[in-house]
Amino acid sequence: NILVDDKNKYVTSIDGILYSKNKGMLLYYPKNRKEEEYVVCYGIKTIGPYAFYNNKYLKTVIIADSVTEINKRAFFDCESLEKVFLSQKLISIDDHVFSDCENITKIDIPDTVTTIGGGTFSGCINLVQVKLPEGISVINDYTFARCEMLTEIVLPNNLEYVGHNAFVLSNL
């Protein structure tokens, strides 16, 4: 559990989870928490970098529709994570957000997303299918690298560029 002095001007803790003082950003979800499901509460706008990094217990994460941005490596190496329900107002998914989340098989990316960072799904070895929203014009480097089970990807009409090794060691 994370405890924060009430007088701290910058961060706060609610139920052992660290947030910015204004509760606009989820900063850190302790990796030793054993819950299998977590709901990112409404009001959070940003999931911070490495926020859920290396949690071995979470299987399902539901992200409230207030979230517009997920920072780099937020769910990196969450090896038990199977299902992620993304915010329907999400705009940006930063680099390596879901890297090495080995048990994700499918992810529905909302039409509001315009940016998916490099390596975002790299190492998602059981990811089978993805449909990219129309707002995506770039697939960055290594975005789907090492997605060994990936057999189907639906690309948007607006796609202009596919980065270096975007699909290397995938099953496409």
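The structure contained in this document is the topic of the report that follows. Just so you know, the residues in each chain are numbered from 1, in the order the chain's sequence is written. In keeping with the predicted nature of the model, local features appear solely for residues at pLDDT of at least 70, side-chain atom pairs appear and are counted solely at 80 or more, and the whole-chain, interface and lining totals rest on all residues. The side-chain figures draw on all heavy atoms in the structure; neither hydrogens nor water molecules are used.

Things to note about the pattern of salt bridges
Side-chain pairs of opposite charge can arise where the charged atoms are in close proximity. Keep this limit in mind: In the sections that follow, a salt bridge refers to a side-chain nitrogen of Lys or Arg positioned within 4 Å of a carboxyl oxygen of Asp or Glu. Only protein chains enter the accessibility calculation, which uses a 1.4 Å probe. A residue is then buried if its area is under 20% of the maximum for its type, exposed if over 50%, and partly exposed in between. Strands here mean DSSP runs of E at least two residues long; helices mean DSSP runs of H or I at least four residues long; both are numbered from the N terminus.
For the structure shown, the criterion picks out 6 salt bridges. Arg-33 is the salt-bridge partner of Glu-35, the closest N and O atoms lying 3.2 Å from each other. A relative accessible area of 34% places Glu-35 in the partly exposed class. Measuring nitrogen to oxygen at the nearest pair gives 3.4 Å for the salt bridge that ties Glu-79 to Lys-56. With a gap of 23 residues between them, Glu-79 in the loop between strand E7 (69-70) and strand E8 (83-85) and Lys-56 in the loop between strand E5 (46-47) and strand E6 (60-63) connect regions that are remote in the sequence. On the accessibility criterion, Glu-79 (32% relative accessible area) is partly exposed. What makes Lys-56 partly exposed here is its relative accessible area of 28%. Taken together, the shared-partner salt bridges connect Lys-56, Asp-77 and Glu-79 into one network.

What to know about the sheet that holds E5
Across a sheet, strands are paired by hydrogen bonds formed along the backbone, either parallel or antiparallel in direction. Threshold: Strands were regarded as paired on the criterion that DSSP finds at least two bridges between them.
With respect to topology, 7 strands assemble into an open sheet ordered E1-E2-E3-E5-E7-E9-E11, the strand pairing being mixed. Each of the sheet's edge strands pairs with one partner strand only, and the pair in question is strand E1 (11-14) and strand E11 (115-116). Alignment of E1 against strand E2 (residues 17-20), held across 4 bridges, turns out to be antiparallel. Bridge pairing links Ile-14 to Ile-17 in E2.

Examining the nonpolar core
For the record, the criterion: For our purposes a nonpolar core is just a set of buried Ala, Val, Leu, Ile, Met, Phe, Trp, Tyr and Cys residues, chained together by side-chain atoms within 4.5 Å. By definition, residues are in contact when any of their heavy atoms lie within 4.5 Å.
Counting 43 residues, the largest nonpolar core has Phe-52, Phe-75 and Phe-98 as its most contacted members. Mapped onto this core, the elements with two or more residues apiece are E2, strand E4 (37-40) and E6. Excluding its chain neighbours within four sequence positions, the residues that come into contact with Phe-98 are Phe-75, Val-84, Leu-86, Ile-93, Ile-104, Ile-107, Thr-120, Phe-121, Ser-122 and Cys-124.

Details of the side chain of Ser-20
This is how the line gets drawn: A 3.5 Å cut-off defines polar contacts: any pair of N or O atoms within that distance qualifies, except that in protein one atom must be a possible hydrogen donor and the other a possible acceptor, and neighbouring residues in sequence count only when both atoms are side-chain atoms.
Summarising the element assignment, Ser-20 is placed in strand E2. Classification of Ser-20 as buried rests on a relative accessible area of 14%. A polar contact of 3.2 Å, which involves the side chain of Ser-20, links it to the backbone nitrogen of Gly-24. With residues up to four places along the chain from it excluded, the contact list for Ser-20 reads Tyr-10, Val-11, Thr-12, Met-25 and Leu-27.

Re the layout of surface pockets
What counts here: Put simply, the grid is 1 Å and covers the protein atoms alone, a cavity is a trapped set of points that fit a 1.4 Å probe, a pocket is an open set with protein on both sides within 12 Å along at least five of seven lines, and lining residues have an atom within 4 Å of a point. Grid points are joined across faces, edges and corners, and a volume is the space filled by probe spheres set on the points.
Computed from the structure, the largest pocket encloses a volume of approximately 160 Å³. In terms of lining residues, the largest pocket is bounded by Glu-82, Lys-83, Val-84, Phe-85, Leu-86, Gln-88, Thr-105, Lys-106, Ile-107 and Asp-108. When contributions to the lining of the largest pocket are tallied by element, the ones reaching two or more residues are E8 and strand E10 (106-108).

A few points about the pairing of E6
The pairing of E4 with E6 spans 4 bridges and is parallel. Of the residues in E6, the one forming a bridge with Glu-37 is Thr-60. Here E6 pairs with E8 via 3 bridges, running parallel. Each residue of the ladder has a partner; that of Thr-60, found in E8, is Lys-83.

Focus on the state of the cysteines
Selection rule: Cysteine sulfur atoms are paired as a disulfide whenever they fall within 2.5 Å.
If you walk through the whole model with that rule in mind, you get 0 disulfides. Lacking any disulfide linkage, Cys-124 is separated from the closest cysteine sulfur, that of Cys-147, by 5.4 Å. Cys-124 sits in the buried class, given a relative accessible area of 0%.

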